[in-house]
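A look at the structure
Below, each chain spelled out in residue letters.
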Amino acid sequence: ADLTVSGSRISQYQQQQRRGLSMLLSHAFGLFTHPDEEWASIRKEHETPRRVYVAYVLILAAIAPICAYISTAYFGWTVGNERLIKLTEISAMQLSVLTYLAMLVGVFALGYAINWMAKTYGAKEEHVPSNGIALAAYSCTPLFLAGFALLYPVPWFNAIVFLVAACYGAYLMYDGLPIVMGIEKERGKAKK
């Protein structure tokens with residue numbers, strides 16, 4: 001009987017891991033192809049902040065620091081016609097870890113602020129800021145994925161990629177705010 005119970009727990013754990021990976025891939029892809037439908041799906045899921053962090057943010061937020069570490073420690077970069085600049089592996093590691101931690105804190109703080117401000121716009125403030133953190137996490141998807149551009153260490157290229165990613169992330173937040181937070185569209189979006 002004990003083996004059946006522990007086998008059942010392992011099976012549940014494996015199902016949760018598969019669901020987390022499926023969530024990661026489907027939401028990341030869906031936010032680029034059909035954002036309104038994806039936001040509605042995210043609202044229905046109402047995942048806990050811990051689940052959103054473990055299955056989504058912890059993984060995607062690591063892309064930029066890992067790519068930045070590789071490019072700054074091994075490839076280097078030039079500004080203009082100057083010499084090649086590389087960081088030591090230790091310096092690159094320290095900067096990457098600090099960047100990763102800043103991204104994690106930033107997503108949480110943004111989600112908490114969204115939840116806190118939601119009551120101003122007629123949404124119910126949640127004790128556990130699930131929807132606010134989900135909105136912040138998924139809105140940051142373009143920025144997380146733009147981290148791959150850091151493998152090509154050319155400052156102007158990276159600036160353009162991250163600018164485009166930030167603009168699309170802002171659009172996702174603008175588009176998803178009324179859907180995920182349950183706010184009337186007129187209150188959630190600025191009037192033209």
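Here the structure is shown first, and the text comes after it.
Rules used in this analysis
- Residues numbered from 1 in each chain as written.
- Predicted model: local features only at pLDDT ≥ 70, side-chain atom pairs only at ≥ 80, totals over all residues.
- Heavy atoms only, no water.
- 1 Å grid on protein atoms, 1.4 Å probe; cavity = no way out; pocket = protein on both sides within 12 Å on 5 of 7 lines; lining within 4 Å.
- Points joined across faces, edges and corners; volume = space filled by probe spheres on them.
- Helix = DSSP H or I, 4+ residues; strand = E, 2+ residues; numbered from the N terminus.
- Nonpolar A, V, L, I, M, F, W, Y, C, P; charged D, E, K, R; others polar.
- Axes fitted to C-alpha atoms, helices over the stretch in contact; angles between N-to-C directions.
- Parallel < 35°, antiparallel > 145°, perpendicular 65-115°, else oblique.
- Left-handed = near helix turned anticlockwise from the far one by under 90°.
- Contact = heavy atoms within 4.5 Å.

What follows deals with empty space enclosed by the protein. It is a probe the size of a water molecule, rolled over the atoms, that shows where empty space is left. Evaluation of the coordinates by the stated rule reveals one cavity of 30 Å³ or more. Roughly 40 Å³ of volume is contained in the largest cavity. Around the largest cavity, the lining residues are Ile42, Glu45, His46, Glu47, Val52, Ser130, Asn131, Ala134 and Tyr138. Counting residues per element, the ones that place at least two in the lining of the largest cavity are α2 (35-45) and α6 (130-139). Looking at the lining of the largest cavity, the element that brings in the most residues is α6, giving four residues. For the lining of the largest cavity, the per-class residue count stands at four nonpolar, three polar and two charged.

A separate point is the packing of helix α5 (residues 89-118) against α6. The N-to-C vectors of α5 and α6 enclose an angle of 130°; their axes lie 7 Å apart at closest approach. Compared by their axis directions, α5 and α6 come out oblique. Here α5 runs over α6; the crossing is right-handed. The residues of α6 that touch α5, namely those facing Val107, Phe108, Leu110, Gly111, Tyr112, Ile114 and Asn115, are Gly132, Ile133, Leu135, Ala136 and Ala137. Tallied by class, the residues present in the contact of α5 with α6 amount to nine nonpolar, three polar and no charged.

Orientation of helix α3 (residues 49-60) relative to α5, taken along the N-to-C sense of each, is 130°, at an axis distance of 10 Å. The orientation of α3 relative to α5 falls into the category oblique. Crossing of α3 against α5: the hand is right-handed. In this structure, α3 uses Tyr53, Val57 and Leu58 to contact α5, whose residues at the interface are Tyr100, Leu104, Val107 and Phe108.

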